[in-house]
Amino acid sequence: SRNDSSDWSATQATAPLTTQVRLVSGVITSSLFAATDALGLDDGIASGVAEIFANDIDFRRDLRKGDRFTIAYEELTADGDVLRNGQILATEFVNKGKALQAIWFEPKGEYFDANGQSSKRQFLSSPMKFSRVTSGFAMRFHPIQKTWKRHLGVDYGAPTGTPVRTVGSGKVIFAGRQNGYGNVVKIQHDSQNVTLYAHLSKIYVRKGQTVEREQDIGAVGQTGWATGPHLHFEFQVNGEHRDPAILAKRSKALRLSATELAAFKPLASKMQQALAA
């Protein structure tokens, strides 16, 4: 608008944000991202679902054609236009005939199944977040030793610079160069469990540092004996190498107390009805 002194002035109007819940269902034909793309969902929703069920489903290797999923999530809108996605409120994933549910419980800031069992475990099953970049991960045939390194750990191919996270909280007991492993970070989680992350292009932590579960500790590279960028990941229990995925599934999980469960049950029932619809 124009005032009496011939100067121009401007006013700004802000449309109120509205939260609405959207419910979607899909079927896996090839990959999780292909299925969510077909529904017009943002990548963040697909990645979020994969993170929620990460300890029970390996979204890189366990998916089967015909697997089904349902997601209830928030959308933030203004004047009828979707601005961004909000919280995933509840989701169900049927993998190989087994149905898993996760319901967001705000007071705890976590997802729980209908019985009050948390989807979070002591250890993550993967040292990298699931995304379009990491969704193509696969076990590598070792190009130098010409053998599957089953007794040592898991090798994942990924682009240089892909963030690597610790699968559990603990203390860094080694951060530096280690022969054929190149740049290595080694973390002591407790009296029994140790993880190792090798061939890193960058190291973000130092020996003696305390790290939290999911904290970025380095980036994928090809230092040491590596013909291409990849992460070599090991899980050791009392010095013996174990399958990281199995350990993640068996690690301790949080359960709601009786009081918390009483408050959670009505919400769980409501969300189960929504998913069933």
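This structure is a prediction, so every number in the text was calculated from the model and none was measured.

Here's the deal with the side chain of H189
So, step 1. Tracing the chain through its elements places H189 in the loop between β10 (183-188) and β11 (193-203).
So, step 2. Residue classification places H189 among the buried positions, given a relative accessible area of 12%.
So, step 3. Among the polar contacts made by the side chain of H189, one reaches the main-chain carbonyl oxygen of S169 at a distance of 2.9 Å.
So, step 4. For H189, the side chain forms a polar contact with the side chain of T195, separated by 2.7 Å.
So, step 5. Setting aside residues no more than four positions away along its own chain, H189 makes contact with F123, T166, V167, G168, S169, G170, V194, T195 and Y197.

Some points on the layout of surface pockets
So, step 1. Size it by volume and the second largest pocket reaches roughly 310 Å³.
So, step 2. In this structure, the second largest pocket is lined by 14 residues; those nearest its centre are E51, I52, Y111, K120 and E214.
So, step 3. Secondary structure elements with two or more residues in the lining of the second largest pocket: α2 (43-52), β5 (110-112) and β6 (117-121).
So, step 4. Partitioning the lining of the second largest pocket into residue classes produces five nonpolar, three polar and six charged.

Some details on helix α4 (residues 258-276)
For the α-helix, the turn length of 3.6 residues means that residues three or four positions removed from each other point alike.
So, step 1. For α4, built from 19 residues, the straight-helix expectation of 27 Å at 1.5 Å per residue is met to within 8% by its first-to-last C-alpha distance of 26 Å.
So, step 2. Where α4 bends most, the angle comes to about 35 degrees, and this point is F264, followed within four residues by the proline P266.
So, step 3. Of the positions making up α4, those classed as buried are F264, A268, M271 and L275.
So, step 4. Buried-residue contacts for α4 involve β1 (18-27), β2 (68-78), β3 (81-95), β4 (98-105) and β5.

Examining the nonpolar core
So, step 1. Counting residues in each nonpolar core, the largest one holds 25 residues, and the members touching the most others are L32, F53, F59, I71, I88 and F93.
So, step 2. Sorting the residues of this core by element identifies α1 (32-38), α2, β2, β3 and β4 as the ones contributing at least two each.
So, step 3. Contacts of F59, omitting those with residues within four sequence positions, involve L32, V49, A50, F53, F93 and F130.

Section: the packing of aromatic side chains
So, step 1. Across all of its chains, the model carries nine aromatic pairs by this definition.
So, step 2. Here a set of aromatic residues connected by ring pairs shows up, and it is made of F53, F59, F69 and F93.

Some details on unusual backbone geometry
In terms of backbone geometry, most residues other than glycine have negative phi values and most peptide bonds are trans.
So, step 1. At N179, a residue that is not glycine, the phi angle is positive and equals roughly 50 degrees.
So, step 2. Tracing the backbone through its elements, the reader meets N179 in the loop between β9 (170-177) and β10.
So, step 3. Classification of N179 by relative accessible area gives exposed; the value is 71%.
So, step 4. In this structure, N238 takes a positive phi of about 50 degrees despite not being glycine.
So, step 5. Looking at the element boundaries, N238 is found in the loop between β14 (230-237) and β15 (240-242).
So, step 6. We classify N238 as exposed; its relative accessible area is 53%.

What counts as what
Residues numbered from 1 in each chain as written. Predicted model: local features only at pLDDT ≥ 70, side-chain atom pairs only at ≥ 80, totals over all residues. Heavy atoms only, no water. Helix = DSSP H or I, 4+ residues; strand = E, 2+ residues; numbered from the N terminus. Buried < 20%, exposed > 50% of the residue type's maximum accessible area, 1.4 Å probe, protein only. Polar contact = N/O pair within 3.5 Å; in protein donor to acceptor, adjacent residues only side chain to side chain. Contact = heavy atoms within 4.5 Å. 1 Å grid on protein atoms, 1.4 Å probe; cavity = no way out; pocket = protein on both sides within 12 Å on 5 of 7 lines; lining within 4 Å. Points joined across faces, edges and corners; volume = space filled by probe spheres on them. Nonpolar A, V, L, I, M, F, W, Y, C, P; charged D, E, K, R; others polar. Expected span 1.5 Å × (residues − 1). Bend = angle between axes of the 7 residues up to and from the residue. Core = buried A, V, L, I, M, F, W, Y, C linked by side-chain atoms within 4.5 Å. Phe/Tyr/Trp six-rings, centres within 6.5 Å; stacked < 30°, edge-to-face > 60°.

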